[in-house]
Amino acid sequence: MDNVNKFLTLFSDFDLVVKEKEKTTPKKAQVISRATASYAKADLKKELKRLTQEYKRAQKSYKHNKISRQELFDFEWRLFELQEEIRRIEEDDLI
């Protein structure tokens, strides 16, 4: 209890103002999120295309022993993550 009293003494000059959060309608929120999702999906698909080309170059480099297996795996993992993100956005659009 002593710590509580110290806290209250230190911060006694401050007023605590609580504001109520504005309520948004679910339909409005869905429209905004769908528009945002379509832009995000388009950007992710562009990034996927670029990363796929980069991955193909990395495969060639790996065959010529210019990069390690771990570096190639990192490219594969980034591709997988991007594909999963696109899949999640598409699933959310269907709901």
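Residues numbered from 1 in each chain as written. Predicted model: local features only at pLDDT ≥ 70, side-chain atom pairs only at ≥ 80, totals over all residues. Heavy atoms only, no water.

(A) Molecular detail of the pattern of salt bridges. Enumeration over the complete set of coordinates arrives at eight salt bridges. Taking the shortest distance from any N to any O, the salt bridge between E76 and R69 comes out at 3.7 Å. Here E76 falls in the partly exposed class, since its relative accessible area comes to 25%. For R87, the salt bridge identified is with E91, shortest N-O distance 2.6 Å. With a gap of four residues between them, R87 and E91 both fall in helix α3 (residues 69-94), about one helical turn apart. When its relative accessible area of 39% is taken as the criterion, E91 is described as partly exposed. Salt bridges sharing common partners tie together E47, R50 and E54. (Salt bridge = Lys/Arg side-chain N within 4 Å of Asp/Glu carboxyl O. Buried < 20%, exposed > 50% of the residue type's maximum accessible area, 1.4 Å probe, protein only. Helix = DSSP H or I, 4+ residues; strand = E, 2+ residues; numbered from the N terminus.)

(B) A look at unusual backbone geometry. One non-glycine residue, N65, lies in positive phi territory at about 60°. For N65, a relative accessible area of 69% puts it in the exposed group.

(C) Highlighting the nonpolar core. Grouped together as the largest cluster of nonpolar side chains are twelve residues: A37, L44, L48, L51, Y55, A58, L72, F75, L79, L82, I86 and I89. Apart from residues lying up to four places away in sequence, L79 is in contact with L48, L51, T52 and Y55. (Core = buried A, V, L, I, M, F, W, Y, C linked by side-chain atoms within 4.5 Å. Contact = heavy atoms within 4.5 Å.)

(D) Structural view of the packing of aromatic side chains. Applying the stated criterion to the full structure yields two aromatic pairs. A centroid spacing of 6.4 Å and a plane angle of 25° characterise the contact between F73 and W77, whose relative ring orientation is stacked. One end of the pair, F73, and the other, W77, are both in helix α3, four residues apart, so they sit about a helical turn from each other. Looking at F73, the relative accessible area reads 39%, which means it is partly exposed. Note on W77 and F80: the rings are 5.2 Å apart at their centroids and 35° apart in plane angle, and the pair reads as tilted. Of this pair, W77 and F80 both sit in helix α3, three residues apart, which is roughly one turn of that helix. By relative accessible area, W77 is classed as partly exposed at 41%. Residue F80 is classed as partly exposed on the basis of its relative accessible area of 38%. By way of ring pairs, the aromatic residues F73, W77 and F80 are connected into one cluster. (Phe/Tyr/Trp six-rings, centres within 6.5 Å; stacked < 30°, edge-to-face > 60°.)

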